[in-house]
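Listed below are the residues making up each chain.
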Amino acid sequence: MGSAGRGLVLVVEDEAAIAELAAMYLRRDGFGVHVEADGAAALATVRRLKPVAVVLDIGLSGMDGIEICKAMRAAGDWTPVLFVTARDDELDRLLGLEIGADDYLTKPFSPRELAARVRTVLRRASGTPASETFECGGARVDVTSRRAWAGDAEITLTSTEFDLLTYLVRHPGRVLSRDQLLSAVWGYAAAAGTRTVDVHVAQLRAKLGVHSPIRTVRGIGYAADAG
Ligand code: CA
C-alpha cells in the first residue's frame, strides 16, 4: 500500500495478474495503489482510505463493480470511478445507469492506457482555476466552485458531467461534434468512445430536466442553445 505523490488509487479486480499489472503501471506513474478483490472489502476500503480514484472491475463475484459504485454514490461519495469491463452486456448495463461512471475501459486493455485514463479523470476532477460563471438556457455552472444549477435548483454532477456541461455552455449555439467533445472534455481522441459522449449527455439531460439547453444535432453531435 502506501500513497505516493499523486495520491492513492484503489484497484478493485479479482484477477490477480491483471490487478498486479495495473498496480505496477499506476505506481510507475507516481500513484499509491491499494488492491481489493472483493466488493464488500472494496467499499470498506473506499470509506477508510479515501482514494483519489477507483478502478473498478465490473465482473466480480458477490457485489459487482456497478453495485459498488451505486453504494458509493448513494453515500454521497463522488470519487472518480474508472470502470473496467470484459463483456458487452456489462457495458450495456453500465451505460444505462446514472451512477457517475467517469470513464471505462474494456478488457483486454493496455496498463499504460489505464494509467493515462486515471490521470485524465483526476485532471478533470481537479477543475479549472478560473473564477467564472457561465449560463446557457436554464443551465448555469460556476467553474470556481464546480457547482451547477438547473433553473434555480442546484444539481449534483460527476466531474465528467460537469466538464461536459461547462464546455457546452461556454460555446453557446455552436455545433460540437462528438470527437470535438471527446478531445475537449476527455482529453484524448478515443476511437472507442463516441458512445461515451452520448451516455454522458443523456445523464446530463436527465439531471437538467426541462432546463437542459442541449440540442442533438443529428449525425454530428450536440449544441447548447440559449433558448
Ligand atoms: Ca473480474
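Provided above is the structure to which this section pertains.
Residues numbered from 1 in each chain as written. Predicted model: local features only at pLDDT ≥ 70, side-chain atom pairs only at ≥ 80, totals over all residues. Heavy atoms only, no water.

Observations regarding the packing of aromatic side chains
No. 1: This structure, assessed with the given rule, holds zero aromatic pairs.
No. 2: Its end group placed over the ring of Y25, R28 keeps NZ or CZ at 4.6 Å from the ring centre.
No. 3: Sitting over the ring of W149, R140 keeps its end group 4.2 Å from the ring centre. (Phe/Tyr/Trp six-rings, centres within 6.5 Å; stacked < 30°, edge-to-face > 60°. Lys NZ or Arg CZ within 6 Å of the ring centre and 35° of its normal.)

Some words on the environment of A23
No. 1: Considering the arrangement of structural elements, one finds A23 in helix α1 (residues 16–28).
No. 2: What A23 contacts, discounting residues up to four positions off in sequence, is V33 and V35. (Helix = DSSP H or I, 4+ residues; strand = E, 2+ residues; numbered from the N terminus. Contact = heavy atoms within 4.5 Å.)

Notes on the side chain of K107
No. 1: Mapped onto the elements, K107 comes out in the loop between β5 (103–106) and α5 (111–126).
No. 2: At 3.2 Å, the side chain of K107 forms a polar contact with the side chain of E13.
No. 3: The contacts of K107, once residues within four sequence positions are left out, are E13, E15, I18, D57, V84, T85 and A86. (Polar contact = N/O pair within 3.5 Å; in protein donor to acceptor, adjacent residues only side chain to side chain.)

Topic: unusual backbone geometry
No. 1: Look at the link from K107 to P108: it is a cis peptide, with omega at -5°.
No. 2: Checked against the element boundaries, P108 lands in the loop between β5 and α5.

Examining the coordination of the calcium ion
No. 1: Protein-derived ligands of the calcium ion are D14 (OD), D57 (OD) and G59 (O), with the metal-ligand distances lying across 2.2 to 2.4 Å.
No. 2: Counting residues between consecutive donors of the calcium ion along the chain gives the motif D-x42-D-x1-G. In this pair, D14 is assigned in the loop between β1 (8–12) and α1 and G59 in the loop between β3 (53–57) and α3 (65–74), connecting sequence segments 45 residues apart.
No. 3: For D14, a relative accessible area of 34% gives the class partly exposed. (Donors = N, O, S within 2.8 Å, 3.2 Å for Na, K, Ca; no water. Buried < 20%, exposed > 50% of the residue type's maximum accessible area, 1.4 Å probe, protein only.)

A few points about the packing of α1 against α5
No. 1: At a minimum axis distance of 9 Å, the contact between α1 and α5 shows a crossing angle of 55°. When the axis of α1 is compared with that of α5, the two are oblique. Crossing of α1 against α5: the hand is right-handed. For the pair formed by α1 and α5, the contact residues are L21, A22, Y25 and L26 on the first element and P111, R112, L114, A115 and V118 on the second.
No. 2: Among the residues forming the contact of α1 with α5, the class breakdown is eight nonpolar, no polar and one charged. (Axes fitted to C-alpha atoms, helices over the stretch in contact; angles between N-to-C directions. Parallel < 35°, antiparallel > 145°, perpendicular 65-115°, else oblique. Left-handed = near helix turned anticlockwise from the far one by under 90°. Nonpolar A, V, L, I, M, F, W, Y, C, P; charged D, E, K, R; others polar.)

As for the pattern of salt bridges
No. 1: In this structure the tally under the stated criterion is 12 salt bridges.
No. 2: Close ionic contact of K107 with D57 constitutes a salt bridge, the shortest N to O distance being 3.3 Å. Note that K107 is positioned in the loop between β5 and α5 and D57 in strand β3, a separation of 50 residues in sequence. Side by side, K107 and D57 carry an identical accessibility label, which is buried. (Salt bridge = Lys/Arg side-chain N within 4 Å of Asp/Glu carboxyl O.)

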